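What follows is the residue order along each chain.
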Amino acid sequence: MAEENFSEIGRENAVGRLFEGTGYKPSGVCRFGTSGKSYPVNISKVLLEGTDFDLTYFPLKHLGYKSVICATGEIYALMAHPKTLSVTLGVSAKLDFRQVKELWSGVVAAAREHGYQDLSLDLIPSRNGLCIAVSAAGELAMLTAKRRPEAKSMDLICISDNLGAAFMGMQVLEREKRRFEKTKDDSAQPDLSEYRHLVGAYLKPEINPDTVSQMEEDEIIPSYGYFVTRGLSDAVKRLSRDSGLGAKIYVDKIPFPGKMFELGKEMNIDPISAALNGGDDYRLLFTVPIGRHDKFRHDFQTFDIIGHLARPEAGAVLVTPEGVEFPLKAQGW
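Residues numbered from 1 in each chain as written. Predicted model: local features only at pLDDT ≥ 70, side-chain atom pairs only at ≥ 80, totals over all residues. Heavy atoms only, no water.

Caption draft 1: Up close: the pairing of strand E2 (residues 81-91). The buried fraction of E2 is high, at 8 of 11 residues. Note that E2 and strand E4 (residues 131-141) share 9 bridges and pair antiparallel. Within E4, the position partnered with His81 by the bridge is Glu139. Pairing analysis gives 8 bridges linking E2 to strand E3 (residues 118-125), with the strands arranged parallel. For Val87, the partnering residue across the bridge sits in E3 and is Leu121. Remark: the E2/helix H4 (residues 97-113)/E3 crossover connection has right-handed handedness. (Buried < 20%, exposed > 50% of the residue type's maximum accessible area, 1.4 Å probe, protein only. Helix = DSSP H or I, 4+ residues; strand = E, 2+ residues; numbered from the N terminus. Pairing = 2+ DSSP bridges. Right-handed = clockwise from strand over helix to strand, strands pointing away.)

Caption draft 2: Quick look at the side chain of Asp218. Relative to the assigned elements, Asp218 resides in helix H8 (residues 211-218). Buried and unpaired, Asp218 has Lys295 as its nearest opposite-charge partner, separated by 4.4 Å. (Lys, Arg positive; Asp, Glu negative; His and termini not counted. Salt bridge = Lys/Arg side-chain N within 4 Å of Asp/Glu carboxyl O.)

Caption draft 3: Structural view of H8. Residues of H8 that are buried: Thr211, Val212, Met215 and Asp218. For H8, the angular spread of the buried residues around the axis is 135°, confining them to a single face. Tucked into the core, H8 has its buried residues touching helix H3 (60-77), E2, strand E8 (283-288) and helix H12 (293-299). One or two positions beyond H8, positive phi appears at Glu219, with a value near 55°. (Arc of directions from axis to C-beta. Contact = heavy atoms within 4.5 Å.)

Caption draft 4: Local environment of the packing of aromatic side chains. On inspection of all chains with the given rule, the structure shows 9 aromatic pairs. Summarising the aromatic geometry, the rings of Phe296 and Phe303 are spaced 5.5 Å apart at their centres and angled 70° between planes, so their arrangement reads as edge-to-face. When its relative accessible area of 1% is taken as the criterion, Phe296 is described as buried. For Phe303, a relative accessible area of 5% corresponds to the buried category. Here Arg17 stacks its cationic end above the ring of Phe97, 4.5 Å away from the centre of that ring. For the cation-ring pair, Lys66 lies above Tyr202, with the distance from its terminal atom to the ring centre recorded as 4.0 Å. (Phe/Tyr/Trp six-rings, centres within 6.5 Å; stacked < 30°, edge-to-face > 60°. Lys NZ or Arg CZ within 6 Å of the ring centre and 35° of its normal.)

Dropping the structure here:
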């Protein structure tokens, strides 16, 4: 198939063609009404080639999907519902129209999955590789906002899935990239089946689009919510800062994926450090009132309770099985 360059197609024509068959209409402005019963919330994210992703091994469709999840998770963490999505792609000369269409198909797939009503796209040239800017708007019900309880010591700290998988998956991909750069053998494709879950957690992270609706129906409203993308430590330290309380995370309660410790030993990477500081896990972290413990455990079995809020003087700490407490440190990068 011959390459189609943007210089030949033209920007407006390219945007129109990318929207064909998606169910969305191209629009310069995304908007929605709140009818006085909700608040609009907005989240913006930027993903940069060479920093947030490497096109050597990152499938473009997965990258488009992940860029939407990156912003959508923040909407869910606020207990809001996704409504509109605006995407700007800074496209470098090395990408043709077919490749950008593949990227866009991932964006559309994620937008549909998470119920976005309106979707807009802008294309601009980039001299420094691919850049993806995403702005997601959501709707937070006034009733949900009013029901949000005050954070208290002993509130449960809960995480939506295992931790450290994405970082370890990225390390596997980087290892295979180094091997390829030594051999330059295109025919030698790596066998990643043994680490499929870890690699998948990095390349195509998924979150449950029904979580917020289910919490509202069950009347389990968290006092705080965060989208974990830069390691567990970073999120917990923000929680402690925002709530004015301490936070205790228990090492033996942190959920890890299969093959995590075997791979960690093989690559000389501490799985606990990967969970605390690795980043890119794309998990939801909520603080749930202790009085809702039984209901939460019954209805949200995919979540793990990994700790609790504590008195302010406790600080944000990691607690070992022996009861020793270590202050959490997070670079957030």
